[in-house]
Amino acid sequence: DWSSDVCSSDLILRQPLLQGFGTRLNDRTIRIARINTTAAREQYRSQLLDLVASVLNLYYGLVAANDELKARQRALEIARKFFDDTRKEIAAEAIPAIQLPRAGAEVSTRSQELLIAQANVRQQEILLKEAISHSEDPRLESAGVILVDRIGIPAADELPPLRQLVATAMAKRPDVAVSRYRDQTTEVN
């Protein structure tokens with residue numbers, strides 16, 4: 001007999017329409033992840049630019065050290081010629097023999113400067129090789145660096161105005177872009 005028992009049931013429907021305020025809030029983490037991905041690319045670009053600039057500075061340091069070595073070699077050659085000429089003039093009795101020690105001292109000084117310049121070139125080569133390869137390789141250590149560039153001063157500077165240079169630099173600097181992306185992430189949060 002079903003009629004004497006009372007059955008009751010409740011039906012409750014919930015609609016989360018306003019919960020989370022729509023898709024804008026729900027896709028917040030996706031937007032933050034996209035911004036962070038772009039920021040990570042800019043950080044990588046910044047690290048790459050720093051590495052390239054460091055290697056270029058080391059390379060041109062080696063170029064400058066090599067130019068210094070060549071100048072010291074020429075100075076030693078001149079000092080030796082002066083020493084030989086002084087000996088000839090002393091033999092011809094054109095100048096007193098007291099001039100010979102001074103010419104010899106000049107050769108010694110120039111020889112020391114040449115040794116220092118050679119050590120500087122070797123040190124610059126080692127630094128450049130270490131920047132290029134962080135692993136120990138006997139073939140790389142024994143190889144010499146062949147310089148193909150020279151440091152030259154242009155005849156005329158054809159640079160844009162300073163304000164334009166600064167604006168271009170600020171637009172292309174990766175660290176400025178990373179800072180901008182961090183600000184965007186903070187705003188989204």
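Residues numbered from 1 in each chain as written. Predicted model: local features only at pLDDT ≥ 70, side-chain atom pairs only at ≥ 80, totals over all residues. Heavy atoms only, no water.

Draft legend 1. Geometry of the packing of aromatic side chains. Applying the stated criterion to the full structure yields one aromatic pair. Look at tyrosine 59 and tyrosine 60: their rings are 5.2 Å apart centre to centre, the planes differ by 80 degrees, and that puts the pair in the edge-to-face class. What makes tyrosine 59 buried here is its relative accessible area of 13%. Arginine 180 extends its terminal NZ or CZ atom over the ring of tyrosine 181, reaching a point 6.0 Å from the ring centre. (Phe/Tyr/Trp six-rings, centres within 6.5 Å; stacked < 30°, edge-to-face > 60°. Buried < 20%, exposed > 50% of the residue type's maximum accessible area, 1.4 Å probe, protein only. Lys NZ or Arg CZ within 6 Å of the ring centre and 35° of its normal.)

Draft legend 2. Region of the structure containing the layout of surface pockets. Roughly 210 Å³ of internal volume is contained in the largest pocket. If you trace the largest pocket, you find 13 residues lining it, with Ile126, Lys129, Glu130, Leu140 and Glu141 closest to the centre. No other element matches helix α3 (residues 99–132), which puts five residues into the lining of the largest pocket. Each residue belonging to the lining of the largest pocket can be placed in one class, and the counts come to three nonpolar, three polar and seven charged. (1 Å grid on protein atoms, 1.4 Å probe; cavity = no way out; pocket = protein on both sides within 12 Å on 5 of 7 lines; lining within 4 Å. Points joined across faces, edges and corners; volume = space filled by probe spheres on them. Helix = DSSP H or I, 4+ residues; strand = E, 2+ residues; numbered from the N terminus. Nonpolar A, V, L, I, M, F, W, Y, C, P; charged D, E, K, R; others polar.)

Draft legend 3. The arrangement of the pattern of salt bridges in detail. The final tally for this structure, using the stated rule, is 11 salt bridges. When the shortest N-O distance is used, the salt bridge between glutamate 113 and arginine 72 registers 3.0 Å. Remark: arginine 72 occurs in helix α2 (residues 28–91) and glutamate 113 occurs in helix α3; sequence separation between them is 41 residues. Judged by its relative accessible area of 22%, glutamate 113 falls in the partly exposed class. Between arginine 139 and aspartate 137 there is a salt bridge, with the nearest N and O atoms lying 3.7 Å from each other. The exposure class assigned to arginine 139 is exposed, which follows from its relative accessible area of 67%. When its relative accessible area of 24% is taken as the criterion, aspartate 137 is described as partly exposed. Beyond isolated ion pairs, a larger network of salt bridges with shared partners links Glu68, Arg72, Glu106, Arg110 and Glu113. (Salt bridge = Lys/Arg side-chain N within 4 Å of Asp/Glu carboxyl O.)

Such coordinate-based values are descriptive only and should not be taken to indicate function.
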